[in-house]
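Spelled out, the chains give:
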Amino acid sequence: MRRKPQTGSSSAPEPEAEQEPTQNPSVTTPWVVQRPQRSPFVWLTLLAAITYSCWGVYHYQFESLPAPLTPDQAGKRGFSEFSARKHVKVLTQLGPHPVASEAITLAQQYVLAEAEEIKKTAHWEVDVEVDSFVAKTGANQMKSGLFKGKTLVYSDLNHIVVRISPKYSPISVDNAVLVSSHIDTVFSTGGAGDCSSCVAVMLELARGVSQWAHGFKHAVIFLFNTGEEEGLNGAHSFITQHPWSSTIRLAIDLEAMGIGGKSGIFQAGPHPWAIENYAAVAKYPSGYIIGQDIFSSGAIKSATDFQVYKELAGLSGLDFAYSDNSAVYHTKNDKFELLQLGSLQHLGENMLAFLLRVAASSHLPKASTMEEEDKTGLSSAIYFDILGMYMIVYRQRFARMLHNSVIAQSLLIWTTSLLMGGYPAAVSLVLSCLSVILMWTFALSFSVIVAFIIPLISSSPVPYVANPWLVVGLFAAPALLGALTGQYLGYLVLHTYLANAYSKKKQLSPAIRADLVKLEAERWLYKAGSIQWLILLSLGTYYRIGSSYLALAWLVPPAFAYGFLEATLSPVRLPKPLKLATLLIGLAVPIVLSAGVFIRVAGTIIGTMVRFDRNPGGTPDWLGNVILAVFVSAVMCLTLVYLLSYIHLSGAKRLIVLSTCALFCLSLALVLSGTVPAFTKDTSRAVNVVHVVDTTRSIEDPRSYVSLFSSTPGKLTKEVELINEGFRCGRDQVFDFVTFTVKYGCWTEDDSDSGWSEADIPIMHVQSDTQGIERTTQVLIDTKGSLRWSLAINMDEIRDFAFTDAGNSEELVSVGDKSAVDGWHVIQFAGGNNSPIKFGLTLVWTKNSTLKADGKRDEQAPLLKLRTDMDIVTPKVERVLSKLPTWCSLFGKSTAPYTFAFLSSLPVDF
């Protein structure tokens, strides 16, 4: 800053390079600086503009869908959504079609008929083979993720397999691209999204590909499998039993965890070849590595067929999923009416372009090549789309180089800055980082307190599920208020220190010193925002987290904007107010790259609240809210740190505080008054109604009752009052359903003795019990009429076991290493109508006895626990279902029982 007359203005400094403007400090010089004051309306306008920009980014990235095409518009070689929607409509009209149901047979017949029609209309130089493949009995013993402590057994699963190849190139069938999805649904939904939409897209793709394949170098196999919903059994049986599986070099899986919207890639690899080719040709690319990071971390308790293709077959590929409106997943609301126009066109056009490219390519990655070529993971892909129009793909090796370069330069710049600024600069940095810590502390505290309070005062612990925008008022507003409060306290501490430091500059008037202190504090708060992103980038790089590109985006542009517009090489300078252009330029790229992703992740978390409690009553009602509150607070602190640094020199603080408080109070009032319901007929609470016949205490005198429970947090008091069928609710009794436990639920024994037969009660008969080198017990299990059951083996007592089909003595599970979860290994079985119902179980006992000195055992845990499911509706259950409120829906999953179940057990001291 140069010396000017009293009427002049000044330009800005960096404190760390500041020098005295005169050699005689005893002389008071007439300095003037810009007044450190901003209009509150400018700040509020800026906040509104940034908020609108974030929502605009989300809209373009996730909600902007292409126009659906008619068959005439698409032509013989194109993709028509209207043709695909006809398939979805037919399949959903069949109602729920789980394994072994009559509806699944009809669905398979429809898909088979459509495949035969494709074969008839294919290009004359294209060979279309259609195979109706029935898988024999098998066992899935994968041990990672959700499969830990489980063995999944299946039988009599029918798959429709279509192979399309050039007729005059017989070697093309030796290398194939697999496109896979599942026909079956859970018992609670017609599955418009999961996954009739996927099946429909595949049928339309197969029709289009059959007109192009004469120019292919590789075959394309379309697998319409059955059994995915029961534990990925369809994919496993195809890979292990079908002769075409050995020719597959690339696997594409189509899935849904919601209904409609854009189908994006959320898993890719391990070889990056597929995602690189997809990015090169997709017309509307959609995919984000953060989804892969979240999914692989286990935060989302789910699995797809892609896991089988990757881990069991060693294949690389892509995993797509629809994720709009994820709250309807596996409920009655996964219906055709909610499938948005443009959803199928988006996936279909992207997939068609991708298949035409890879099938005509001279190269396909071979199975397990990624593990052979690179065990470090440096060749894996990092990918993300920009506004759904472009996709960026680069490899982990390049990311590591780029990130390390940015980290090194950042550390060098900060080190140089601190060396030039000396002790005052170091203290200012520490205090500005303290403001960041206080910002996090207060933001998390305010929002988490709300998360704890809501279950205590609201009729539902998750009142925002049907109206996700309530999260803005319930959690984002307190987080903003907390972030502002924390940073302002840090600002005051920093201001106090800087005021003391500037008090030594006697050549400046007190008024000027006061203004300079405010400006200096503002700059330190802005720069401190980059520290948290630098830490996240360093951690992400060290642990090779793909989504650490977001930290890079939030670190580099704001730092560049500050260096370009604010920093100066002049050693003689004083600070001036930060320019609004610095903020706008610095935030433009981060908002475009991350705003849509952050909003989508928040929406996914909200949707999962419907099925949050895997063991009903086993988690506190506030836990889901706390997770959501922490995520919202983290996003607010990470992204608003630059913006909030501008507010302290404006008169907007009071207005911001009042506005956030008003927004929070309004949202809370809407919840408490019931004006905005927690659930609606289109976004339902997940419940299960099961008629249980429990023979664990006595097979001669079984206990019969109807159980009502929910995987959605909250009590069932209101639902039970409306049903009015004699239910009692509470935690008095714990109901063990083998694969999960109900710790809070409702039950009634009224009128529960009809609608079932004692002849269907399963039997576990001990055939032999021998004591040699090791104690071995043979158990015969007769599941009677049940084709879907779960058996838990007490691994505290049993070291190992073998499992056989008693009908033909075929060994399904051999003796070997068995994992356990909480001391139990669970065998789940699901099969078609011709599945076996009698099985042999050979138990090898542990050498460590749990017997006390008096011969009694420490615990009363049984040796075996068995639950057999029946797809029947007893008169009592029928009445309960007819009275079920419209905002409730049955919820199905692989571990959940049907509407009728038998419970049996075999004691340790049999």
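First things first, this report covers the structure right here in the doc. Predicted model only: the values in this text are computed from it and were never measured.

A few words now on the overall build of the protein chain. Within the protein chain one finds 20 helices and 27 strands. The 910 residues of the protein chain split such that 58% are buried. Put simply, the protein chain has 74 plus and 78 minus side-chain charges, and the middle of one group is 12 Å from the middle of the other.

Let's shift gears to the sheet that holds strand β5 (residues 176–182). Read across the open sheet, the 7 strands follow the order β1-β4-β6-β5-β7-β9-β8; overall the sheet is mixed. At either margin of the open sheet sits one strand with a lone partner, and together these are β1 (126–135) and β8 (263–269). Pairs of neighbouring strands in the sheet enclose a mean axial angle of 20 degrees, with direction left out of account. Here β5 pairs with strand β6 (residues 219–225) via 7 bridges, running parallel. The residue of β6 that forms the bridge with V177 is V220. Contacts between helix α7 (residues 273–281) and the sheet are confined to β7 (248–256), β8 and β9 (316–322), with β9 contributing the most and set at about 55 degrees to the helix.

A separate point is the packing of aromatic side chains. Scanning the entire structure with this criterion turns up 34 aromatic pairs. With a centroid separation of 5.7 Å and 10 degrees between ring planes, the pair formed by W533 and W554 is classed as stacked. Of this pair, W533 sits in helix α14 (residues 510–542) while W554 sits in helix α15 (residues 549–565), placing them 21 residues apart in sequence. Under the relative-accessibility criterion, W554 is labelled buried at 3%. Relative to F902, the ring of F900 lies with its centre 4.9 Å away and its plane at 75 degrees, an arrangement referred to as edge-to-face.

Below, the discussion takes up the pattern of salt bridges. Considering all chains together, one arrives at 23 salt bridges under this definition. Note that R207 and E204 form a salt bridge whose closest N and O atoms lie 2.8 Å from each other. Of the two residues, R207 and E204 both sit in helix α5 (residues 192–209), 3 residues apart, roughly one turn of that helix. A salt bridge links D324 to R600; the shortest N-O distance between them is 2.6 Å. Separated by 276 residues along the polypeptide, D324 in the loop between β9 and α10 (343–359) and R600 in helix α16 (residues 580–608) bring together distant segments of the chain. Ionic contacts of the salt-bridge type, sharing partners, join the residues E725, D751, K876, R879 and K883 into one network.

So, on to a nonpolar patch on the surface. On the surface, I449, F452, I453, L456, I457, W622 and L672 cluster together into a nonpolar patch covering about 670 Å² of accessible area. At 5 residues, helix α12 (residues 396–457) tops the list of elements feeding residues into the nonpolar patch. The exposure class of L672 is partly exposed, given its relative accessible area of 46%.

Before going further, it helps to examine the pairing of strand β20 (residues 788–794). Burial within β20 is extensive, with 7 of its 7 residues counted as buried. Along β20, one buried face is formed by R788, S790, A792 and N794 and the opposite face, lined by W789, L791 and I793, is buried too. Bridge count between β20 and strand β23 (residues 824–831): 7 bridges; the pairing is antiparallel. What sits directly across from S790, in β23, is Q828. Both β20 and strand β25 (residues 864–870) contribute to a ladder of 6 bridges, which runs antiparallel. What sits directly across from W789, in β25, is T868.

So, on to the sheet that holds strand β18 (residues 763–771). Taken together, 5 strands build an open sheet; the order of strands is β18-β19-β24-β21-β22 and the sheet is antiparallel. Two strands lie at the open edges of the sheet, namely β18 and β22 (810–813), each paired on one side alone. The sheet shows a mean angle of 25 degrees between the axes of neighbouring strands, direction not considered. In this structure, strand β21 (residues 798–805) lies alongside β22, joined through 3 bridges in antiparallel fashion. Looking across to β22, one finds that T804 is bridged to E811.

Tracing the backbone shows H242 in the loop between α6 (233–241) and β7. With relative accessibility at 3%, the residue H242 sits in the buried group. Excluding anything up to four places from it in sequence, H242 contacts D131, F133, V161 and S237.

By definition, a disulfide links the sulfur atoms of two cysteine residues through a covalent bond. Evaluation of the coordinates by the stated rule reveals 2 disulfides. One disulfide bridge connects C195 with C198, the sulfur atoms lying 1.9 Å from each other. Given an S-S torsion of about -50 degrees, the disulfide between C195 and C198 has left-handed geometry. Linking C195 with C198, this pair stays in helix α5, spanning 3 residues, or about one helical turn. Like C198, C195 is buried. Two residues, C729 and C746, share a disulfide whose sulfurs are 1.9 Å apart. Between C729 and C746 the disulfide shows an S-S torsion of about 105 degrees. By sign, it is right-handed.

Conventions used here
- Residues numbered from 1 in each chain as written.
- Predicted model: local features only at pLDDT ≥ 70, side-chain atom pairs only at ≥ 80, totals over all residues.
- Heavy atoms only, no water.
- Helix = DSSP H or I, 4+ residues; strand = E, 2+ residues; numbered from the N terminus.
- Buried < 20%, exposed > 50% of the residue type's maximum accessible area, 1.4 Å probe, protein only.
- Lys, Arg positive; Asp, Glu negative; His and termini not counted.
- Charge placed at Lys NZ, Arg CZ, Asp CG, Glu CD.
- Pairing = 2+ DSSP bridges.
- Axes fitted to C-alpha atoms, helices over the stretch in contact; angles between N-to-C directions.
- Contact = heavy atoms within 4.5 Å.
- Phe/Tyr/Trp six-rings, centres within 6.5 Å; stacked < 30°, edge-to-face > 60°.
- Salt bridge = Lys/Arg side-chain N within 4 Å of Asp/Glu carboxyl O.
- Patch = residues over 30% accessible without salt bridge, like charges linked within 9 Å, V, L, I, M, F, W, Y side chains within 5 Å.
- Areas by Shrake-Rupley, 256 points an atom, 1.4 Å probe, with all protein chains shown as cover.
- Disulfide = S-S within 2.5 Å.

What is shown is where atoms sit, not what they do.
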